[in-house]
Amino acid sequence: MRQITEILRLKYEAKLSNEKVARASGVSKGVVCKYLHLAAARCVTWPLPEGTDEARLEALLFPATAKPSRFAQPDYFEVHQELKRKGVTLQLLWAEHVAVHEEQAYRYSQYCHHYRRWVRAQRRSMRQVHRVGEKTFIDYCGPTVPVICRNTGNVQRAQIFVAVLGASSYTYAEATWTQSLPDWIASHQRAFRFFGGVTELQIPDYVPGGIIGVMCPSPLCC
């Protein structure tokens, strides 16, 4: 920057030709022309504005340009909202993102990584901490699964029971024909055998209507 300042001074204050400026500065005539044209393009005049030091002059002549990202950034808030819909997964949303942005789309692993980092940065109204062996979260999955009899071709819908350990997210899932009390109890038993034990609390997100009366025989206990 000191050399550029000297070139500007010799040119505009001393009124020297480009050739003499080059000789006095110890650079080629082409370098002198390059810097003079750059100063003119950036509207840098002589004398320099008051208070212009080398750092300020460099910023005027060589302004930083934001490097364009070669990846198209997903709208992670929209991704987060879409994931609340039944049947929507990160892989499905990623596939839609790839279909739109093609080569500018993240690979699936990076797509998930950036989304989860975005989620961690969001403020939460409540944060739960789960101790090992404390809670099992239990629910029936909303969508059912069609089961086709290979002999008759009849289709019967199977219910999907899911149990998840709170601390590790270790998951057990199975299909049953109904959400009735016998299937409900049997699914719990098989889940506990799969986990190798029983947690302190079993927390159902939704209890089928036919089971509530068995779990809470008195209205006062609810």
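Keep in mind the model is a prediction, meaning the values are calculated, not measured.

Engineer: How should I be thinking about the layout of surface pockets in this particular structure?
Structural biologist: Gaps left between atoms show up when a probe the size of a water molecule is rolled over them. Considered as a void within the structure, the largest pocket measures approximately 240 Å³ in volume. Lining of the largest pocket is provided by His80, Leu83, Lys84, Arg85, Lys86 and Gly87. Counted by class, the lining of the largest pocket contains 1 nonpolar, 2 polar and 3 charged residues. Taken as a whole, the second largest pocket holds about 190 Å³ of empty space. What lines the second largest pocket is simply Gln73, Pro74, Asp75, Glu78, Val79, Glu82, Leu93, Glu96, His97, His101 and Tyr111.

Engineer: Could you clarify how one ought to interpret the packing of helix α2 (residues 18-25) against helix α3 (residues 29-41) in this entry?
Structural biologist: Two elements in contact, α2 and α3, have axes whose closest approach is 8 Å; the angle formed by their N-to-C orientations is 110°. The orientation of α2 with respect to α3, classified from their angle, is roughly perpendicular. Here α2 contributes Asn18, Glu19, Val21 and Ala22 to the contact with α3, which in turn contributes Lys29, Val32, Cys33 and Leu36. Per-class residue counts for the contact of α2 with α3 are 5 nonpolar, 1 polar and 2 charged.

Engineer: Would you explain the packing of aromatic side chains in this entry?
Structural biologist: Throughout the structure, instances matching the rule amount to 10 aromatic pairs. Aromatic pair Tyr115 and Trp118: ring centres 6.3 Å apart, planes at 20°, arrangement stacked. Within this pair, Tyr115 and its partner Trp118 are both found in helix α7 (residues 108-121), separated by 3 residues, close to a single helical turn. Their ring planes at 90° and their centres at 6.4 Å tell us that Phe161 and Trp184 sit as a pair that is edge-to-face.

Engineer: Looking at this structure, how should I read a nonpolar patch on the surface?
Structural biologist: Together, Val145, Val147 and Trp177 make up an exposed nonpolar region whose accessible area comes to about 250 Å². Structurally, Val147 can be placed in strand β2 (residues 145-148).

Engineer: Looking at this model, I keep getting lost on the pairing of β2. Mind explaining?
Structural biologist: Two faces belong to every sheet, and in a regular strand the side chains alternate between them. Sheet topology places β2 next to strand β3 (residues 155-165); 4 bridges connect them, and they run antiparallel. Considered in β3, the bridge of Val145 is made with Ala158. As consecutive antiparallel partners, β2 and β3 are separated by 6 residues, and within that stretch Gly153 has a phi angle of approximately 80°, a positive value.

Engineer: Would you mind showing me how to read helix α1 (residues 2-12) here?
Structural biologist: An α-helical turn contains 3.6 residues, so any two residues separated by three or four positions project in the same direction. Regarding α1, the residues found buried are Ile4, Ile7, Leu8 and Leu10. Looking straight down α1, one finds its buried side chains confined to an arc of 165°; they lie on one side. Against α2, α3 and α4 (54-61) lie the buried residues of α1.

Engineer: I would appreciate a short explanation of the side chain of Glu134 in the present structure.
Structural biologist: In this fold, Glu134 is placed in the loop between α7 and β1 (135-140). In contact with Glu134, not counting residues within four places along its chain, are Val129, Thr199, Glu200 and Leu201.

Calculation rules
- Residues numbered from 1 in each chain as written.
- Predicted model: local features only at pLDDT ≥ 70, side-chain atom pairs only at ≥ 80, totals over all residues.
- Heavy atoms only, no water.
- 1 Å grid on protein atoms, 1.4 Å probe; cavity = no way out; pocket = protein on both sides within 12 Å on 5 of 7 lines; lining within 4 Å.
- Points joined across faces, edges and corners; volume = space filled by probe spheres on them.
- Nonpolar A, V, L, I, M, F, W, Y, C, P; charged D, E, K, R; others polar.
- Axes fitted to C-alpha atoms, helices over the stretch in contact; angles between N-to-C directions.
- Helix = DSSP H or I, 4+ residues; strand = E, 2+ residues; numbered from the N terminus.
- Parallel < 35°, antiparallel > 145°, perpendicular 65-115°, else oblique.
- Contact = heavy atoms within 4.5 Å.
- Phe/Tyr/Trp six-rings, centres within 6.5 Å; stacked < 30°, edge-to-face > 60°.
- Patch = residues over 30% accessible without salt bridge, like charges linked within 9 Å, V, L, I, M, F, W, Y side chains within 5 Å.
- Areas by Shrake-Rupley, 256 points an atom, 1.4 Å probe, with all protein chains shown as cover.
- Salt bridge = Lys/Arg side-chain N within 4 Å of Asp/Glu carboxyl O.
- Pairing = 2+ DSSP bridges.
- Buried < 20%, exposed > 50% of the residue type's maximum accessible area, 1.4 Å probe, protein only.
- Arc of directions from axis to C-beta.

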